[in-house]
Amino acid sequence: MASRAWVLPLLLLLTRPGATAAKELLKGISYGPAPLKKAGKLPNDDFMSTSAKAQWSTSGRGDLHIIKRLGANAVRLYGNDPREDHTPFLDEAVVQGLQVIPGMSDYPYTQMPKNCMTTDFNCYSQIKEQYKSMLQNGFAKDGAYHGALKTIIVINEPDLKIPGISKPTEFCRAIVSAIDGMIDAEKETDTKSNLINFTATFSFGQCTACKGSSKPALGQMMELRSAMEKPEDVGYEANNNLAEVYKTRFTNSFNTANPANDMKPLFLNDYEANFDSTPVFIGEYHSTHVSTKKDIHDVIEVAKNSDALVGVSFFEFQVRYDKGGTEMDFGMFGLGQISLAEMNFFGVEFPVWCLMKIQDAKDPGNTIADSLTVGFEGEGIPDDQLCVIDPKKVPLSEDGYQAILSTKSVNKMADFVRRVIWHMGGDVEDDKALVNFATKYAKQTLEVTVRRLSGLSFASMVDELGQHPSWVLWDAMAACVADRSADQDTVGEAIGWTCGNFHSFNCSDLPSFCSEDVWAHADYVFSLYFAVETDHSSPLEHCNFGGAAMFAPSKVYRSQDSACIVTKDPATTALSEEGYQMILQFHDTDKAAVFIQREVEDLKMKVANKSALTNFAMKPPAHFKDLKEQLPQVPWVCGGPSGRNCPFPVNPTDGGGGGWVVGLIICIVLLFAAILAALYVRRKRQMAAREVEQPLSEA
């Protein structure tokens, strides 16, 4: 085995050769958690997107956290929609201590109109545009790659799809042109630092048309190296120095279902003899014909003793029921019977099923997940922590109620009821009464017939709470706002639906200060829609918007930015036409005065005469625009656009309430002057007395 000085830790092996440190192995898990329990099609396969947040985030099923607990230090992905913002996924990976190895989608290569196959396997333009969008949507920021990224899979198994393993010239042209486009995408987005490595993940097929070797995957890698060194040999004129890119920013990779004892004779021995400075990893590793526990141990040992093999990504996290056939042999987790939440995945609703461990067919008594944990030296995850029904996450529906009921836990039912109350605009004041209420609903049997006879259900729970029991503090200022626990895609889709169903508001008139982010935008349209388009009778129904909203007590929404919420409270409602009209409808002078004073202050002015403000509020302008135009002109404001200097101190009450301050100051000044005058007179008298005494003494 040749000696190499470039053996580096994982962070450098997959990215930037050049430093020396102890070798840390790649222990990855391939991740494609389709939410289907049977064969079928998905609307998208981007599981890094926020649409799939209910699966990968700790606020949902917690897949990334589970992957970390299995001992993995990386997650490998497949689908990648360049229109989606992947920042939240990458941020979560950093929190969990995981590297992310994303892959370019097959879409630009084989599926999109004018794909690579239609341009003679020159993929430059297709991939450059796709990759540029990815860099702009989370992969890079401020000129640097996201810290979770170390390697990008340019294409998965190109030797099987563009056009096939018998035509190495064509698949190499596709790869080198794609990499050339990706480098130019970096330049166009000014991405210059924390640069990551490129890889093309080949199959473990034998390429008899490849020069140099017919060993599995090895011939393909040798052909690609030649093409990167001399792209013109495969009919491509490169914009960049691809030979240098290969030396400094390239890692080889391949997929295999062969066991560990095949790695050295079939691949690694020859690879180490032919590649003395390019690391390699296994992008999909799982042999279903041997014991997982033994095989993972063995392949890790192979990697530890190799200067070239830096690790593996185990295939795969979840059974792919949607693909069917032999594809279902690989997952370490299946989908259980309990729905933990609902997920709007690119416009289609899916349950987020809990996970269950899959038994290893070749190792009775052991599960694949537990065996992998041993090989990866992870802490593991107990079975009873996988299908945990969380009252803070289940849907607020009959299904969610039944899930909580199945736990037979009064405490979980109480937490569920508390959450329902919050979404109805209330807050529990009497915890004992809450427990009594929850006990009644928690002790119902799951038997359908008995439940029907008892009349208790989620609907009956909502009906009872809708009677506003005394043990709940019901907030008259509750408002329909965006639920911050929802994912942004769901919120965005709900905004679209709401704007399309308004009768009294055009979303193009949204105040500019509410268009800066999706949450403020949603707060405005949700709160306004609930206020003017519904009868307010059922907050859970009319303030839901597909799970994007909640009817929140004022203490909840006031704890976040509430400037874009239209409410009945003049002290908090949005300073806009809609917020103004919400207050005017009460024909209440005091409420109008509170709103108008807020607008005065928002215009950087002050109220100099509160009595005059009250008189103005008795007959306020009919529209917010008129109010804004009139306020700088009224005589009872000062500062800002009014052009009038404010007296010190400002007298807001027509000489009454604030006059005592002025009077007090005057009294203090007069008192001080009197004291000074008395001291002066006393001093003069003392001097006069001395003048009289001096002549007498001389006489």
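Preceding block: the structure.
What comes next is a walk through the structure. On a predicted model such as this, the values are computed, not experimentally measured, just so you know.

1. A look at the packing of aromatic side chains
Item 1. Applying the stated criterion across every chain yields a total of 30 aromatic pairs.
Item 2. Here the aromatic rings of Phe 502 and Phe 505 are separated by 5.4 Å at their centres, their planes lie at 75°, and the arrangement is edge-to-face.
Item 3. Aromatic rings pair up to connect Trp 497, Phe 502, Phe 505, Tyr 524, Phe 526, Tyr 529 and Phe 545 into one cluster.
Item 4. Cation over ring: Lys 37 sits above Trp 353, and NZ or CZ is 3.8 Å from the ring centre.

2. What about the layout of surface pockets?
Item 1. In this structure, the largest pocket spans a volume of roughly 1200 Å³.
Item 2. Along the walls of the largest pocket sit 46 residues, with Asp 45, Tyr 78, Gly 79, Asp 106 and Lys 323 positioned nearest its centre.
Item 3. When residues of the lining of the largest pocket are traced back to their parent elements, those giving at least two are helix H5 (107-111), strand E6 (151-156), strand E8 (252-256) and strand E9 (280-285).
Item 4. At three residues, H5 tops the list of elements feeding residues into the lining of the largest pocket.
Item 5. A breakdown of the residues in the lining of the largest pocket according to their chemical character gives 15 nonpolar, 17 polar and 14 charged.
Item 6. Estimated volume of the second largest pocket: approximately 920 Å³.
Item 7. Lining the second largest pocket are 32 residues, with Lys 393, Arg 419, Asp 483, Ser 485 and Gly 547 positioned closest to its centre.
Item 8. Ranked by residues supplied to the lining of the second largest pocket, first place goes to helix H14 (residues 410-423) with five residues.
Item 9. Looking at the lining of the second largest pocket residue by residue, the class counts come to 11 nonpolar, 11 polar and 10 charged.

3. Comments concerning empty space enclosed by the protein
Item 1. Applying the stated criterion across every chain, the model contains one cavity of 30 Å³ or more.
Item 2. Of the pockets and cavities examined, the largest cavity occupies roughly 30 Å³.
Item 3. Forming the walls of the largest cavity are Tyr 285, His 286, Ser 287, Thr 292, Asp 295, Ile 296 and Phe 314.
Item 4. Broken down by element, the residue count for the lining of the largest cavity peaks at three residues, all from helix H11 (residues 292-304).

4. Looking at the nonpolar core
Item 1. Phe 89, Val 100, Tyr 109, Tyr 131, Ile 179 and Phe 267 are the most contacted members of the largest nonpolar core, which has 109 residues in total.
Item 2. No other element matches helix H7 (residues 168-188), which puts 10 residues into this core.
Item 3. In this structure, Phe 502, Cys 514, Tyr 529 and Val 566 belong to the second largest nonpolar core, which totals 30 residues.

5. Remarks on the state of the cysteines
Item 1. Inspection of the entire model under this criterion finds seven disulfides.
Item 2. In this model Cys 207 forms its disulfide with Cys 210; the gap between the sulfur atoms is 2.0 Å. Since a negative S-S torsion denotes a left-handed disulfide, the Cys 207-Cys 210 link at about 80° is right-handed. Side by side, Cys 207 and Cys 210 carry an identical accessibility label, which is buried.
Item 3. One disulfide in the model links Cys 514 with Cys 564; its S-S distance is 2.1 Å. Every disulfide takes its handedness from the sign of the S-S torsion; for Cys 514 and Cys 564 that torsion is -105°, giving left-handed.

6. Let's talk about the pattern of salt bridges
Item 1. Counted according to the given criterion, the structure contains 25 salt bridges.
Item 2. The salt bridge partner of Glu 284 is Arg 76, with a shortest N-O separation of 3.9 Å. Placement of the pair is Glu 284 in strand E9 and Arg 76 in strand E2 (residues 74-76), with a sequence separation of 208 residues. Arg 76 matches Glu 284 in its accessibility class, with the two residues each being buried.
Item 3. Linking Glu 186 and Arg 249 is a salt bridge whose minimum nitrogen-to-oxygen distance equals 2.8 Å. One end of the pair, Glu 186, is in helix H7; the other, Arg 249, is in helix H9 (residues 242-249), and 63 residues separate them in sequence. Each member of the pair, Glu 186 as well as Arg 249, is classed as buried.
Item 4. Overlapping salt bridges bring together Lys 128, Glu 129, Lys 132 and Glu 188 as one network.

7. Structural notes on the side chain of Thr 534
Item 1. Within the secondary structure, Thr 534 sits in the loop between helix H19 (518-533) and helix H20 (539-542).
Item 2. Residue Thr 534 is classed as buried on the basis of its relative accessible area, which comes to 16%.
Item 3. A polar side-chain atom of Thr 534 sits 2.7 Å from the main-chain carbonyl oxygen of Phe 530.
Item 4. A polar contact is formed between the side chain of Thr 534 and the backbone nitrogen of His 536, at a distance of 3.4 Å.

8. Things to note about the sheet that holds E6
Two orientations exist for strands paired in a sheet by backbone hydrogen bonds: parallel and antiparallel.
Item 1. Strand order in this open sheet of eight strands is E3-E2-E1-E10-E9-E8-E7-E6, and the pairing throughout is parallel. The sheet terminates laterally at strand E3 (99-101) and E6, the two strands that pair on one side only. Direction aside, the axes of adjacent strands within the sheet are offset by 25° on average.
Item 2. Bridge analysis of strand E7 (residues 197-202) against E8 gives two bridges, and the strand direction is parallel. Among the inter-strand pairings, Thr 201 is bridged to a residue of E8, identified as Ser 253.

9. Structural notes on a nonpolar patch on the surface
Item 1. Together, Leu 671, Phe 672, Ile 675, Leu 676 and Leu 679 give the surface a local cluster of nonpolar side chains, amounting to about 510 Å² of exposed area.
Item 2. Note that Leu 679 resides in helix H26 (residues 659-698).

10. Comments concerning the environment of Pro 553
Item 1. Along the polypeptide, Pro 553 turns up in the loop between strand E16 (549-552) and helix H21 (554-557).
Item 2. Look at Pro 553 and you get buried, because its relative accessible area is 4%.
Item 3. Sequence separation between Pro 553 and Met 424 is 129 residues, and the spatial gap between their C-alpha atoms is 8.2 Å.
Item 4. With residues up to four places along the chain from it excluded, the contact list for Pro 553 reads Trp 422, Gly 425, Gly 426, Asp 475 and Ala 478.

11. Brief notes about the environment of Gln 402
Item 1. Relative to the assigned elements, Gln 402 resides in helix H13 (residues 398-406).
Item 2. For the pair formed by Gln 402 and Ser 457, sequence separation is 55 residues and the distance between their alpha carbons is 8.4 Å.

12. Focus on the environment of Cys 514
Item 1. Looking at where Cys 514 falls in the secondary structure, it is placed in the loop between helix H18 (488-501) and H19.
Item 2. Along the sequence, Cys 514 and Ala 574 sit 60 residues apart, while their C-alpha atoms lie 9.5 Å from each other.
Item 3. Contact partners of Cys 514, with chain neighbours within four places excluded, come to Ala 520, His 521, Tyr 524 and Cys 564.

13. Quick notes on the pairing of strand E12 (residues 348-357)
Item 1. The pairing of strand E11 (residues 333-345) with E12 spans nine bridges and is antiparallel. Considered in E12, the bridge of Asn 344 is made with Glu 349.
Item 2. Between the end of E11 and the start of E12, which pair antiparallel, lie two residues, with Phe 346 showing a positive phi angle near 55°.

14. Concerning helix H10 (residues 263-274)
Item 1. With 12 residues, H10 ought to run about 16 Å at 1.5 Å a step, and its terminal C-alpha atoms sit 15 Å apart, in line with that.
Item 2. Among the residues of H10, Met 263, Phe 267, Leu 268, Tyr 271 and Glu 272 are the ones counted as buried. Angular distribution of buried residues about the axis of H10 spans 110°; they occupy a single face of the element.
Item 3. Along its buried surface, H10 packs onto helix H8 (218-229), E8, E9, H11 and strand E10 (309-314).

Criteria and cut-off values
- Residues numbered from 1 in each chain as written.
- Predicted model: local features only at pLDDT ≥ 70, side-chain atom pairs only at ≥ 80, totals over all residues.
- Heavy atoms only, no water.
- Phe/Tyr/Trp six-rings, centres within 6.5 Å; stacked < 30°, edge-to-face > 60°.
- Lys NZ or Arg CZ within 6 Å of the ring centre and 35° of its normal.
- 1 Å grid on protein atoms, 1.4 Å probe; cavity = no way out; pocket = protein on both sides within 12 Å on 5 of 7 lines; lining within 4 Å.
- Points joined across faces, edges and corners; volume = space filled by probe spheres on them.
- Helix = DSSP H or I, 4+ residues; strand = E, 2+ residues; numbered from the N terminus.
- Nonpolar A, V, L, I, M, F, W, Y, C, P; charged D, E, K, R; others polar.
- Core = buried A, V, L, I, M, F, W, Y, C linked by side-chain atoms within 4.5 Å.
- Buried < 20%, exposed > 50% of the residue type's maximum accessible area, 1.4 Å probe, protein only.
- Disulfide = S-S within 2.5 Å.
- Salt bridge = Lys/Arg side-chain N within 4 Å of Asp/Glu carboxyl O.
- Polar contact = N/O pair within 3.5 Å; in protein donor to acceptor, adjacent residues only side chain to side chain.
- Pairing = 2+ DSSP bridges.
- Axes fitted to C-alpha atoms, helices over the stretch in contact; angles between N-to-C directions.
- Patch = residues over 30% accessible without salt bridge, like charges linked within 9 Å, V, L, I, M, F, W, Y side chains within 5 Å.
- Areas by Shrake-Rupley, 256 points an atom, 1.4 Å probe, with all protein chains shown as cover.
- Contact = heavy atoms within 4.5 Å.
- Expected span 1.5 Å × (residues − 1).
- Arc of directions from axis to C-beta.

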